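# Residue-level structure breakdown
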Amino acid sequence: MTALAMFIPLIMGTAGNAGSQTATLTVRGLATSEIGTGRFLMFVMQEIGTGALLGLGLGTGACFLAFFLTSNFSLGIAVGSAIFFTVVCANIVGMSLPFGFRLFRVDPAVASAPLITTIGDAIGLLLYFNIAQVFLRLI
């Protein structure tokens, strides 16, 4: 379906933005010692919750946009679902990479954003095409 291609920039942009924002908050929390061993689990749950709420809002909007542009409800559901899962995954990656860089004594502020954008884009596309395959019965 060529209509799938219309939403690739939306999904990739959303993944990069969500992951980079989470990475920025994580790096800041590490630098100011707001995220310590006692607060780590709470921070993880908070970021997953934030990703889920943000993904729900963006996914709902994307669903309506896709339906409005294509008149295809299944495509709208596929785009909305992909946005939701992409944002949640990008938040998890954006939160995890700074911790990984810190573990290997690499400055997370320098290395996080480009890698998160790349990983988020790849995850977003994989999710999008797999979800679209299910909802649009492309197999």
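Reference entry: report on the structure contained in this document. Bear in mind that the values here come from a model prediction, so they are computed numbers and not experimental data.

Taken as a whole and assessed by the stated rule, the structure comprises 1 salt bridge. Between Glu34 and Arg28 there is a salt bridge, with its nearest N and O atoms 3.3 Å apart. A relative accessible area of 47% means that Arg28 is categorised as partly exposed.

Here we come to a nonpolar patch on the surface. On the surface, Met6, Leu10, Leu65, Phe68 and Leu69 cluster together into a nonpolar patch covering about 500 Å² of accessible area. Here the nonpolar patch gets 3 residues from one element, more than from any other, and that element is helix 2 (residues 40-70). Here Leu69 lies in helix 2.

Moving on: the side chain of Asn91. By the secondary structure assignment, Asn91 is in helix 3 (residues 73-103). Among the residues examined, Asn91 registers a relative accessible area of 3% and is labelled buried.

Relative to the helices and strands, Phe85 resides in helix 3. Expressed as a C-alpha distance, the spacing of Phe85 and Tyr128, which sit 43 residues apart in the sequence, is 8.9 Å. Setting aside chain neighbours within four positions, we find Phe85 in contact with Leu127 and Ile131.

Look at helix 1 (residues 8-31): 34 Å from first C-alpha to last across 24 residues, which is about the 34 Å you get at 1.5 Å a residue. Looking at the residues trailing helix 1, positive phi occurs at Ser33, about 60°.

Let's shift gears to helix 2. Compared with an ideal rise of 1.5 Å per residue, which puts 31 residues at 45 Å, helix 2 spans 43 Å between its outermost C-alpha atoms and is within 8% of the ideal. Within the span of helix 2, buried status applies to Phe43, Val44, Glu47, Gly51, Gly55, Gly59, Ala62, Cys63 and Ala66. Ser71, located one to two residues past helix 2, shows a positive phi value of around 60°.

The full count for this structure, using the stated rule, is 3 aromatic pairs. Ring centres of Phe67 and Phe73 lie 6.2 Å apart, and the angle between their planes is 80°; this geometry places the pair in the edge-to-face category.

Scoring rules and cut-offs
Residues numbered from 1 in each chain as written. Predicted model: local features only at pLDDT ≥ 70, side-chain atom pairs only at ≥ 80, totals over all residues. Heavy atoms only, no water. Salt bridge = Lys/Arg side-chain N within 4 Å of Asp/Glu carboxyl O. Buried < 20%, exposed > 50% of the residue type's maximum accessible area, 1.4 Å probe, protein only. Patch = residues over 30% accessible without salt bridge, like charges linked within 9 Å, V, L, I, M, F, W, Y side chains within 5 Å. Areas by Shrake-Rupley, 256 points an atom, 1.4 Å probe, with all protein chains shown as cover. Helix = DSSP H or I, 4+ residues; strand = E, 2+ residues; numbered from the N terminus. Contact = heavy atoms within 4.5 Å. Expected span 1.5 Å × (residues − 1). Phe/Tyr/Trp six-rings, centres within 6.5 Å; stacked < 30°, edge-to-face > 60°.

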